[in-house]
Amino acid sequence: MTTSFVLLSDTHLPKRAKDLPPGLWADIDAADLVVHAGDWVDLATLDAVQGRSRRFEGVRGNNDGPEFDDRLPLVARFTVESLRFALVHETGSATGRERRAAAAYPDTDVLVFGHSHIPWDTVAPSGLRLLNPGSPTDRRRQPDHTWMRGEVDGDALSVELVRLPPQPKPELRPQP
């Protein structure tokens, strides 16, 4: 059996955008599993994503207020097929991340995290795969808005980074 998934983080709605990109909503609707690594900012986004997800896993981030405390944990652990996942918002600085994550999550195959808005896909010497989908709404200094989609088939994981270039703002023309 193959399980399709979407990874997203740092949506920051409605502060950074009014809505998620249409392509991301289409991926959410099609996926077997939706995983969000925190920094939602508003509960309406959480409700909308959960409502459209067949299966949902999520955590809260540093920009999520106390209203998220009863809805989402700081760390989530779950299994997809035979892979053990951990989900967290922050992992600290990029320097030494693989070593720290492997020590903090020794019984984990895949660690999904957010916070930096920088896409990340590496493997620690221990074999732990670290994934950060970036942000679909707040690219910061990145060239594109991003999220990840992929599949788990038994113990095989395939991941694709989806890049959405920034959309040009409509040009305002003076009225004649």
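The shown structure was predicted, so the numbers you read here are calculated from the model rather than taken from an experiment.

Draft legend 1. Quick look at the packing of aromatic side chains. Under the criterion given, the structure shown has three aromatic pairs. When the centroid spacing of 5.9 Å and the interplanar angle of 55° are considered together, the rings of Trp40 and Phe56 count as tilted. Of this pair, Trp40 sits in the loop between β2 (33-36) and α2 (43-52) while Phe56 sits in strand β3 (residues 56-58), and the two are 16 residues apart along the sequence. Residues Phe113 and Trp120 carry aromatic rings whose centres are separated by 6.5 Å and whose planes lie at 65° to one another, so their mutual orientation is edge-to-face. A relative accessible area of 0% places Phe113 in the buried class. The class for Trp120 is buried, based on a relative accessible area of 19%. In this arrangement the basic side chain of Arg97 is found over the ring face of Trp120, its NZ or CZ atom lying 4.4 Å from the centre.

Draft legend 2. Representation of the side chain of Asp10. Residue placement: Asp10 occurs in the loop between β1 (2-8) and α1 (22-30). Beyond its immediate sequence surroundings of up to four residues, Asp10 is in contact with His36, Gly38, Asp39, His89, Gly114, His115, His117, Gly134, Ser135, Pro136 and Thr137.

Draft legend 3. View of the sheet that holds strand β7 (residues 120-123). Ordered by their spatial adjacency, five strands build an open sheet running β4-β5-β6-β8-β7, and the pairing between neighbours is mixed. Pairing within the sheet leaves two strands with one partner each, and these edge strands are β4 (75-80) and β7. Geometrically, the sheet is characterised by an average inter-axis angle of 15° between neighbouring strands, direction not taken into account. The strands that helix α3 (residues 97-104) touches are β4, β6 (110-112), β7 and β8 (129-132); relative to β7, the one it contacts most, it runs at about 70°.

The rules behind each value
Residues numbered from 1 in each chain as written. Predicted model: local features only at pLDDT ≥ 70, side-chain atom pairs only at ≥ 80, totals over all residues. Heavy atoms only, no water. Phe/Tyr/Trp six-rings, centres within 6.5 Å; stacked < 30°, edge-to-face > 60°. Helix = DSSP H or I, 4+ residues; strand = E, 2+ residues; numbered from the N terminus. Buried < 20%, exposed > 50% of the residue type's maximum accessible area, 1.4 Å probe, protein only. Lys NZ or Arg CZ within 6 Å of the ring centre and 35° of its normal. Contact = heavy atoms within 4.5 Å. Pairing = 2+ DSSP bridges. Axes fitted to C-alpha atoms, helices over the stretch in contact; angles between N-to-C directions.

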